[in-house]
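Coordinate analysis (summary)
Residues per chain are reported as follows:
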Amino acid sequence: MNAPDRTAQTRQQLYRDMSPHDLTPLWEVLHALVPQKPATPCAPALWKYDEVRPFLMRAGEAITAEEAVRRVLILENPKLRGQSAVTQSLYAGLQLILPGEIAPSHRHTQSALRFIVEGSGAWTAVDGERTTMRPGDFIITPSWTWHDHGSEADGPVVWLDGLDIPMVRFFDAGFAENNADRSQQVNRPEGTSFARFGHNMAPVRHESPYGATSPIFSYPYERSREALDQLERSAPVDAWDGVKLRYVNPLTGGWPMPTIATFMQRLPAGFAGKAWRQTDGAVYSVVEGSGEIVVGQGESEVRYAFGPRDHFVVPSWHTARLSSGSGCVLFSFSDRPVHQALGIHREERLS
Ligand code: 1HN
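Residues numbered from 1 in each chain as written. Predicted model: local features only at pLDDT ≥ 70, side-chain atom pairs only at ≥ 80, totals over all residues. Heavy atoms only, no water.

**Let's talk about the pattern of salt bridges**
Counted according to the given criterion, the structure contains 17 salt bridges. A salt bridge links Glu66 to Arg182; the nearest nitrogen and oxygen atoms lie 2.4 Å apart. Of this pair, Glu66 sits in helix α4 (residues 65–68) while Arg182 sits in the loop between β11 (176–178) and α6 (192–197), and the two are 116 residues apart along the sequence. Judged by its relative accessible area of 36%, Glu66 is partly exposed. A salt bridge links Asp161 to Arg114, with the nearest nitrogen and oxygen atoms 2.6 Å apart. (Salt bridge = Lys/Arg side-chain N within 4 Å of Asp/Glu carboxyl O. Helix = DSSP H or I, 4+ residues; strand = E, 2+ residues; numbered from the N terminus. Buried < 20%, exposed > 50% of the residue type's maximum accessible area, 1.4 Å probe, protein only.)

**Brief notes about the nonpolar core**
Residues Leu94, Phe138, Met264, Phe331 and Phe333 are the most contacted members of the largest nonpolar core, which totals 36 residues. In this view, Leu94 contacts Tyr49, Val52, Leu56, Arg71, Val72, Leu73, Leu75, Val117, Val158, Trp159, Leu160 and His311; residues no more than four positions away in its chain are not counted. Of all hydrophobic cores here, the second largest spans 17 residues; its members include Ile293, Val295, Leu322 and Leu330. (Core = buried A, V, L, I, M, F, W, Y, C linked by side-chain atoms within 4.5 Å. Contact = heavy atoms within 4.5 Å.)

**What to know about the side chain of Glu101**
With respect to the secondary-structure elements, Glu101 resides in the loop between β3 (91–97) and β4 (102–108). Since its relative accessible area comes to 14%, Glu101 is described here as buried. Side-chain polar atoms of Glu101 contact the backbone nitrogen of Leu98, separated by 2.9 Å. Once you skip the residues sitting within four places of it in the chain, Glu101 turns out to touch Thr64, Ala65, Arg71, His149, Gly150 and Ser151. (Polar contact = N/O pair within 3.5 Å; in protein donor to acceptor, adjacent residues only side chain to side chain.)

**Some points on the sheet that holds strand β20 (residues 311–314)**
Strand order in the open sheet made by the six strands is β1-β20-β17-β22-β14-β13, with antiparallel pairing throughout. At either margin of the open sheet sits one strand with a lone partner, and together these are β1 (45–47) and β13 (243–246). Looking at each pair of strands side by side, their axes are set apart by 20 degrees on average, direction ignored. Two strands pair when backbone bridges link them, and strand β14 (residues 261–267) and strand β22 (residues 328–334) are joined in this way by seven bridges, in the antiparallel orientation. Residue pairing for β22: Arg266 is matched across the bridge by Val329. Strands in contact with helix α7 (residues 221–234) are β13, β14, β17 (282–289) and β22; relative to β14, the strand with the most contacts, it is inclined by about 45 degrees. (Pairing = 2+ DSSP bridges. Axes fitted to C-alpha atoms, helices over the stretch in contact; angles between N-to-C directions.)

**With respect to the pairing of strand β10 (residues 157–163)**
With seven of seven residues buried, β10 lies mostly within the body of the structure. When strand β5 (residues 112–118) meets β10, the two strands line up antiparallel, connected through six bridges. Counted as the bridge partner of Leu113 is Gly162 from β10.

**Some details on the sheet that holds β10**
Spatially, six strands are ordered β2-β3-β10-β5-β8-β12 in an open sheet, and the strand pairing comes out antiparallel. Across the chains shown, the open sheet's two edge strands, defined by having one partner strand only, are β2 (72–74) and β12 (218–219). Judged from the four bridges that link them, β5 and strand β8 (residues 138–141) form a sheet pairing that is antiparallel. When the bridges of β8 are listed, Phe115 appears paired with Phe138. Most of the contacts of helix α3 (residues 49–62) go to β3, to which it runs at about 55 degrees, and overall it touches β2, β3, β5 and β10.

**Quick look at the site of the ligand**
Close contacts around the ligand come from Arg70, Tyr91, Gln95, His106, His108, Arg114, His147, His149, Asp161, Leu163 and Ile165, and that covers them all. For the ligand, an oxygen atom lies 2.7 Å from a polar atom in the side chain of His106. Here Arg114 contributes a side-chain N or O atom positioned 2.9 Å from an oxygen atom of the ligand. Relative to its free-state accessible area of 330 Å², the ligand is covered by the protein chains to the extent of 84%. If you list the elements that add at least two residues to the shell around the ligand, you get β3, β4, β9 (147–151) and β10. A per-class count over the shell around the ligand returns three nonpolar, five polar and three charged. (Near = heavy atom within 4 Å. Areas by Shrake-Rupley, 256 points an atom, 1.4 Å probe, with all protein chains shown as cover. Nonpolar A, V, L, I, M, F, W, Y, C, P; charged D, E, K, R; others polar.)

Below, the structure is given as structure tokens:
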């Protein structure tokens, strides 16, 4: 046997002998453990609402909200099938509630956002306060708060759920409880949290009622849209983002949720954006209008034409650029707060 073969054999024997002791050599895996740049297993993906909606409506016939507890079709990343994940760290799903239904009260350590996609007149209750859902509203369910949904609408109501489920699973920190009451007691009139915290003011003697999470349950679309409209007319349009605003926790100026960043942006008519990439993978919900996103480079480049209520995902460190002929409004969320807390967020704006 020549020297290289002998060396290889010695090493293989060493690995075999140590394996029963739950030991393994770092040098065989080091490159994969510490990649030179992010190598996400996630793929870009697009869910056209026209294709998804019929399945949601069939789900509405196949199971009640009560029986399902939450009647949701999970948007599973095509490269993470079976993991209930849209990116490595985030969960996304589309939830349907029909007139007269109740999705029963429970709480869990996972934080949730709702972004209303179709229909008006359903409500969600969080910690004793109900909020009416309207298209384009961004609603928060803070960690460990009781929440239930119901509908007095005259048609289906559909919203996007975004949760930090994979993160909480990763940390093995998930707890959940069902409420004894199907719908929780309401003990504050609708709009109380917005009156307290939603007008660039806060009660003089307040504590942050939900820790690091915003005390505003619902950020109404009306207000976000108005801000974007005015900025489109009066302020410089960013060459990468168009007009993009981030939602804030009014008590801190930081993200509304400790684990999830949320944004709304307007691409003006004729916008042809420059490319960027960043470490936080993001999920987009198209609110109004249409456009195109190009994700990835070279052979793996994909182009998605999107319209209202479509959803797509841009994975970590994939280059992406947006354009829109007639203008559009996009909501998005990502895991950026966690990247920032760890000091590992990176962004590159390419020209
Ligand atoms: C949940 O509680 C809701 O409250 C939606 O509407 C989706 C996915 C996994 C775990 C809990 C909701 C969920 C969820």
